[in-house]
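Take a look at the letters that make up each chain.
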Amino acid sequence: MEEPEDPYYVTMYYPGSVYVDMSDVVPPEVRPKPAVPAKPPNVGAPSPSSPFPPQGPGIGGGGGVSALPPSAIPVPIGNHGPGYIGSHSVGHGVGHVAGHGGGHTAAHNGGHGHGGSLSSSGGSTLLGYIGIDTIIEQMRKKTMKTGFDFNIMAVGHSGLGKSTLVNTLFKSQVSRKSAGWGRDEKIPKTVEIKAVSHVLEEGGVKMKLTVVDTPGFGDQINNDNCWEPISKYINEQYEKFLKEEVNITRKKRIPDTRVHCCLYFITPTGHSLRQLDLEFMKHLSHSVNIIPVIAKADTMTIEERQEFKQRVRKELEMSGIEFYPQKEFDEDMEDKSDNDKIREAMPFAVVGSDKEYQVNGKRVLGRKTAWGIVEVENPNHCEFAQLRDFLIRSHLQDLKEVTHNIHYETYRAKRLNENGGLHPISSNDTQESNL
């Protein structure tokens with residue numbers, strides 16, 4: 001049987017053949033203009049019982065490609081040689097089935113191809129192993145060598161168990177022990193700032209922990225502006241970091257003494273917040289991450305505790321006080337969903353203890369009372385476990401990032417815009433330092 005000359009019939013009825021353009025035989029100046037053949041009336045869309053084979057022996061030097069319906073088969077135009085038909089007309093003419101360049105694999109799989117075929121999510125599918133996935137391991141090794149810094153401040157009245165709770169959080173004696181002021185010990189006239197640093201190690205990870213205590217806060221008869229020494233200390237740490245940043249020769253790793261978290265201890269009165277509590281959080285909520293907690297929650301029943309928590313949240317909202325995590329800092333819907341659950345549970349009603357007791361054959365941290373033992377890590381007794389998971393296991397790194405990107409940047413912008421702020425470095429100073 002004589003083969004038809006039309007390329008449509010060549011590719012349709014002879015899948016194994018390759019249409020050869022006449023550009024290599026007929027000179028361009030006498031080449032006839034190709035015409036698009038009309039679709040035969042007896043040829044329709046392929047049916048499930050179509051006689052076309054699923055794969056041909058290969059087009060354009062690649063592997064076999066799937067048989068295409070007549071409406072998707074390209075019409076070769078005689079402007080290029082036969083090699084171009086095999087590599088470009090199949091890769092580009094089919095358009096949405098095959099891709100440019102690397103279209104052979106994409107044509108076989110029914111996808112696009114631009115060098116490496118594009119995935120549906122917009123990223124490139126690599127044709128071989130490169131090693132990008134080792135970046136996480138490189139970062140882990142780097143941070144394991146340098147270690148971590150975390151600075152936490154505890155603010156509240158004396159006798160609320162601030163030091164005990166911090167020691168319970170890290171299961172170590174990282175804060176001084178104080179059960180109130182002794183008979184021979186004088187109460188300080190102003191708020192003192194005491195910072196103690198420790199290096200903790202767990203699973204090969206080292207963290208330099210600094211605990212900042214504020215003895216004397218709220219212990220005076222007149223507590224006007226008693227938050228000013230605390231605010232001054234927080235800003236001093238920002239100032240130290242800023243001065244290190246603007247130096248001509250900066251340190252490779254600037255010591256970070258900025259307060260990343262401020263635990264504010266609320267007295268478990270069961271009634272409402274005091275004016276001192278509201279004023280403190282109102283003045284410092286824009287310069288540090290404040291996490292309110294209800295201290296010694298075992299002094300209230302479960303019903304009293306829930307009512308007190310709701311009353312505290314309502315008073316904070318009415319006063320316009322935002323505590324961590326702030327809603328405007330949620331990066332995506334997943335963070336918003338997780339943080340909404342945390343905000344609904346705050347302030348955490350906690351109990352701290354560094355003493356162990358035997359309960360049902362297990363050694364647990366707790367407080368012994370006349371009616372039993374209050375287990376610190378039991379979620380049915382208090383919310384210490386939720387506070388620890390939130391503070392250390394899920395949001396510790398975010399606390400540091402918010403401190404650097406929000407609170408510190410706010411202080412830095414304000415400081416550099418002030419009259420008489422940090423003086424700009426002149427060109428003469430730069431030349432002298434280079435000499």
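Here goes a summary of the coordinates provided. (Residues numbered from 1 in each chain as written. Predicted model: local features only at pLDDT ≥ 70, side-chain atom pairs only at ≥ 80, totals over all residues. Heavy atoms only, no water.)

### A few points about the packing of aromatic side chains
Moving on, step 1. This model, assessed by the stated rule, comprises eight aromatic pairs.
Moving on, step 2. Plain terms: the ring middles of phenylalanine 217 and tyrosine 264 are 6.1 Å apart, the flat faces sit at 85 degrees to each other, and that makes the pair edge-to-face. Within this pair, whereas phenylalanine 217 is found in the loop between strand 3 (205-213) and helix 6 (228-246), its partner tyrosine 264 is found in strand 4 (residues 261-266), the two being separated by 47 residues in sequence. Accessibility classification places phenylalanine 217 together with tyrosine 264 in one group, the buried group.
Moving on, step 3. Centre to centre, the rings of phenylalanine 348 and phenylalanine 390 are 5.9 Å apart; their planes meet at 45 degrees, and the pair counts as tilted. Of the two residues, phenylalanine 348 sits in strand 6 (residues 348-349) while phenylalanine 390 sits in helix 10 (residues 384-394), which places them 42 residues apart along the sequence. (Phe/Tyr/Trp six-rings, centres within 6.5 Å; stacked < 30°, edge-to-face > 60°. Helix = DSSP H or I, 4+ residues; strand = E, 2+ residues; numbered from the N terminus. Buried < 20%, exposed > 50% of the residue type's maximum accessible area, 1.4 Å probe, protein only.)

### Points about the side chain of arginine 388
Moving on, step 1. Here arginine 388 shows up in helix 10.
Moving on, step 2. Assessed through its relative accessible area of 11%, arginine 388 is described here as buried.
Moving on, step 3. Excluding residues within four positions of it along the chain, arginine 388 makes contact with Leu169, Lys171, Glu377 and Arg393. (Contact = heavy atoms within 4.5 Å.)

### Overview of the pattern of salt bridges
Moving on, step 1. Taken as a whole, this structure holds 19 salt bridges when the rule is applied.
Moving on, step 2. Arginine 388 serves as the salt-bridge partner of glutamate 377, at 2.8 Å between the closest nitrogen and oxygen. Here arginine 388 lies in helix 10 and glutamate 377 lies in the loop between strand 9 (372-375) and helix 10, a separation of 11 residues in the sequence.
Moving on, step 3. Across the salt bridge formed by aspartate 389 and arginine 393, the nearest N and O atoms sit 3.3 Å from each other. Highlighted residues: aspartate 389 and arginine 393, both in helix 10, separated by four residues, approximately one helical turn. (Salt bridge = Lys/Arg side-chain N within 4 Å of Asp/Glu carboxyl O.)

### Quick notes on the environment of isoleucine 152
Moving on, step 1. Along the chain, isoleucine 152 falls in strand 1 (residues 148-155).
Moving on, step 2. Once you skip the residues sitting within four places of it in the chain, isoleucine 152 turns out to touch Leu209, Thr210, Val211, Val212, Cys261, Leu263 and Leu391.

### Side note on the nonpolar core
Moving on, step 1. Counting residues in each nonpolar core, the largest one holds 74 residues, and the members touching the most others are Phe280 and Ile291.
Moving on, step 2. Excluding residues that lie within four positions of it along the chain, isoleucine 291 makes contacts with Cys261, Cys262, Leu263, Tyr264, Tyr324, Met346, Leu387, Phe390 and Leu391. (Core = buried A, V, L, I, M, F, W, Y, C linked by side-chain atoms within 4.5 Å.)

### With respect to the packing of helix 6 against helix 11 (residues 396-417)
Moving on, step 1. The interhelical angle for the contact between helix 6 and helix 11, taken along N-to-C directions, is 80 degrees, at an axis separation of 10 Å. Between helix 6 and helix 11, the angle is such that the two are roughly perpendicular. On the side of helix 6, the interface is formed by Asn235, Tyr238, Glu239, Phe241, Leu242 and Glu245, while helix 11 contributes Thr403, His404, His407, Tyr408, Tyr411, Arg412 and Arg415.
Moving on, step 2. Counted by class, the contact of helix 6 with helix 11 contains five nonpolar, four polar and four charged residues. (Axes fitted to C-alpha atoms, helices over the stretch in contact; angles between N-to-C directions. Parallel < 35°, antiparallel > 145°, perpendicular 65-115°, else oblique. Nonpolar A, V, L, I, M, F, W, Y, C, P; charged D, E, K, R; others polar.)

### As for helix 6
Moving on, step 1. Here helix 6 spans 27 Å end to end across 19 residues, near enough to the 27 Å set by a 1.5 Å rise per residue.
Moving on, step 2. Restricting attention to buried positions, one finds in helix 6 the residues Ile230, Ser231, Tyr233, Ile234, Gln237, Tyr238, Glu239, Phe241 and Leu242.
Moving on, step 3. Buried-residue contacts for helix 6 involve strand 1, strand 2 (194-202), strand 3, helix 7 (275-284) and helix 11. (Expected span 1.5 Å × (residues − 1).)

### Remarks on the pairing of strand 4
Moving on, step 1. Of all six residues in strand 4, six are buried; the element is thus mostly enclosed.
Moving on, step 2. Of the two faces of strand 4, both are covered, the one formed by Cys261, Leu263 and Phe265 as well as the one formed by Cys262, Tyr264 and Ile266.
Moving on, step 3. Bridge count between strand 1 and strand 4: four bridges; the pairing is parallel. Across the sheet, alanine 154 pairs through a bridge with leucine 263, a residue of strand 4.
Moving on, step 4. The pairing of strand 4 with strand 5 (residues 290-294) spans five bridges and is parallel. (Pairing = 2+ DSSP bridges.)

### A few points about the sheet that holds strand 8 (residues 362-369)
Moving on, step 1. An order of 7-8-9 is seen for the three strands of this open sheet, with the pairing classed as antiparallel. A single partner strand is all that each edge strand has here, and the edge strands are strand 7 (356-359) and strand 9. Averaged over all pairs of adjacent strands, the angle between their axes in this sheet comes to 70 degrees, without regard to strand direction.
Moving on, step 2. Bridge count between strand 8 and strand 9: four bridges; the pairing is antiparallel. Within the sheet, the bridge partner assigned to lysine 368 lies in strand 9 and is isoleucine 373.

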